[in-house]
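Listed below are the residues making up each chain.
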Amino acid sequence: NKSSGFSEPLNVIHIGVCQRNAPQSQVHSHYQTNFAALNDVQEQVCSSLKLHKDQLAAMDIRMASVMIVDPSESANGHVCYFNYSSELQFAEDPVSRNMHPTWPQLLEIHRLTENHDLLKLPTIGRNAQLYLGHEKVAGAGKKTVSDHQVLFWRAISLTPDAVTTAGADKAISMALDELERA
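Here the residue numbering is sequential within each chain, running from 1 through the sequence in written order. This being a predicted model, a pLDDT of at least 70 is required before a residue's local features are given, and a value of 80 or more before pairs of side-chain atoms are given or counted; all residues contribute to the totals for chains, interfaces and linings. Only hydrogens and water are removed before side-chain values are computed, so all heavy atoms of the structure are retained for them.

**What to know about the pattern of salt bridges**
Selection rule: Salt bridges are identified by distance alone: a Lys or Arg side-chain nitrogen within 4 Å of an Asp or Glu carboxyl oxygen. For each residue, the accessible area found with a 1.4 Å probe, counting protein chains only, is set against the maximum for its type, and the residue is called buried under 20%, exposed over 50%, and partly exposed in between. Each helix corresponds to a stretch of at least 4 residues labelled H or I by DSSP, and each strand to a stretch of at least 2 residues labelled E; elements are numbered beginning at the N terminus.
Applying the stated rule across the entire model yields three salt bridges. Here Arg 97 and Glu 92 are joined by a salt bridge, their closest N and O atoms 2.8 Å apart. The exposure class of Glu 92 is buried, given its relative accessible area of 14%. Between Lys 136 and Asp 117 there is a salt bridge, with the nearest N and O atoms lying 3.7 Å from each other. Residue Lys 136 is located in strand 6 (residues 128-139), and its partner Asp 117 is located in strand 5 (residues 116-121); the two are separated by 19 residues in the primary sequence. Residue Asp 117 is classed as partly exposed on the basis of its relative accessible area, which comes to 32%.

Right, dumping it as structure tokens:
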């Protein structure tokens, strides 16, 4: 809260959405093949968050995370994540789409966006993120984008052997697989 001396909002709100009563095949086809349906839900949530942004600011909300579950994808379901930041006036942050709510901070994605315009590229694994960055160049009082491009690969390993030599080899191999696919 503001009385604690922190200048930035601290709280995160998580919202989960699941279509429970639809037949499994209908849910699967609805979310997997119809990305427009996901975007419709995302836009509805975004409109609602923007409508209530003053109340969210009063509650010291830093980020709203929306998880849309497709229960037909696997035993645990397939989850699509949409993150809305108070810095963006609760508009969706496209750079962190389909990332667990804590990952943008852990992977320092917003640090990358300070110096680069990022384009998110598709990845093989759900624990990896690949971005094509165009360097921002200061000029005439505003930042412009240069022709200089950089590929950023960020990943989270959930295994303890990631700090071993074998784990490092596996991480490099995974990164090269992602780059090859891009």
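**A word on a nonpolar patch on the surface**
Heads up, the rule is: The patches described consist of residues with a relative accessible area above 30% and no salt bridge, like charges being joined within 9 Å and nonpolar side chains (Val, Leu, Ile, Met, Phe, Trp, Tyr) within 5 Å. A 1.4 Å probe and the Shrake-Rupley method give the accessible areas. Residues count as covered only by the protein chains that appear here.
A cluster of nonpolar side chains, namely Leu 151, Ile 172, Leu 176 and Leu 179, defines an oily patch on the protein surface of about 360 Å² accessible area. Per element, the largest residue contribution to the nonpolar patch is three residues, and it comes from helix 6 (residues 165-181). Looking at the secondary structure, you find Ile 172 in helix 6. A relative accessible area of 52% means that Ile 172 is categorised as exposed.

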